[in-house]
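# Residue-level structural notes
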Amino acid sequence: MPDLEIDAPDHDDLDLEATVDGDDADAAPAWQDAADIGQDAAVAAWAEAARPILEDAARVYQGVVTQKELCAQVQDDAGVRTKQQIRHWVSDVLDVVAADCTARSEPLLSSLVVNAMGSVGDNYAVIVEKHTGTAPVDGDDHAAAQRLACYRQFDAKGLPEDGGFAALTPRLAGARARAKKARIAERVLPQCPDCFMELPATGVCDNCA
């Protein structure tokens with residue numbers, strides 16, 4: 001049988017760099033940098049991307065989204081990234097979200113965003129006052145009520161038939177309970193100056209009376 005000759009392409013003739021670049025171009029997202037398009041444009045893009053994420057959270061009873069999760073997701077979905085730390089821009093995004101909710105006469109979807117401690121943070125009250133004219137006495141209590149309104153608005157999965165109840169996040173509720181217990185333990189109770197027994201609410205020592 002005669003030998004068969006197969007013409008193989010010379011690897012030196014292949015433009016491997018062009019092939020790899022073409023594959024990467026198809027797979028890589030078209031990222032923009034916030035520094036290039038401007039902070040206002042970046043915040044607007046992130047806020048627009050945030051709404052569907054927060055709507056999804058509102059469709060699950062007692063659902064919340066952490067700031068870290070939200071900020072990572074909006075950068076992916078909007079295609080706009082930043083090297084700034086979250087604390088420098090997340091409040092700006094939530095401010096725009098709150099403004100949009102207020103314009104729609106909806107409960108605040110921004111109330112669904114919490115920090116690592118399960119709290120909406122101090123800036124939440126500032127944003128609420130800006131858009132409603134009234135500062136909440138306790139931002140987390142206000143946010144709990146707003147979250148409940150969001151769950152009802154978006155017909156959340158798991159919402160009780162009686163409409164549910166406003167609740168702090170489990171982590172924040174636990175932290176507050178521990179802090180309250182510590183305050184009680186540290187409280188100095190009044191004592192009788194004669195027998196040093198703890199005085200009752202009347203202030204009169206039952207032992208010495």
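Above this text is the structure in question.
Given the structure is predicted, the values throughout are model-derived calculations rather than measurements. (Residues numbered from 1 in each chain as written. Predicted model: local features only at pLDDT ≥ 70, side-chain atom pairs only at ≥ 80, totals over all residues. Heavy atoms only, no water.)

## What to know about unusual backbone geometry
- One non-glycine residue with positive phi stands out, namely Gln62, at about 70°.
- Here Gln62 is to be found in the loop between α3 (39-58) and β2 (65-66).
- Given a relative accessible area of 30%, Gln62 falls into the partly exposed group.
- With a phi angle near 50°, Asp155 is a residue other than glycine that sits in the positive phi range.
- Note on placement: Asp155 falls in the loop between α7 (139-153) and α8 (170-186).
- Asp155 gets classed as exposed once you look at its relative accessible area, which sits at 63%. (Helix = DSSP H or I, 4+ residues; strand = E, 2+ residues; numbered from the N terminus. Buried < 20%, exposed > 50% of the residue type's maximum accessible area, 1.4 Å probe, protein only.)

## As for helix α4 (residues 67-78)
- Taking 1.5 Å per residue, twelve residues should reach 16 Å; α4 reaches 16 Å between its end C-alpha atoms and fits that length.
- Within α4 the residues assigned to the buried category are Gln67, Leu70, Cys71, Val74 and Gln75. Along the axis of α4, the buried residues cluster in a sector spanning 125°; they form a single face.
- Elements in contact with the buried residues of α4: α3, β2, β3 (80-81), α5 (90-103) and β4 (113-114). (Expected span 1.5 Å × (residues − 1). Arc of directions from axis to C-beta. Contact = heavy atoms within 4.5 Å.)

## Notes on the nonpolar core
- Residues Trp46, Leu54, Leu70, Val74, Val93, Val97 and Leu109 are the most contacted members of the largest nonpolar core, which totals 39 residues.
- Looking at this core element by element, the count peaks at ten residues for α3.
- Here Leu109 is in contact with Arg51, Leu54, Glu55, Ala58, Val97, Cys101, Cys150 and Phe154, once residues within four sequence places are set aside. (Core = buried A, V, L, I, M, F, W, Y, C linked by side-chain atoms within 4.5 Å.)

## Some details on the pattern of salt bridges
- If you walk through the whole model with that rule in mind, you get ten salt bridges.
- Here Arg51 and Glu106 are joined by a salt bridge, their closest N and O atoms 2.9 Å apart. Pair noted here: Arg51 is in helix α3 and Glu106 is in the loop between α5 and β4, with a separation of 55 residues, a long-range link.
- On the basis of relative accessible area, Arg51 is assigned to the buried category, the value being 11%. (Salt bridge = Lys/Arg side-chain N within 4 Å of Asp/Glu carboxyl O.)

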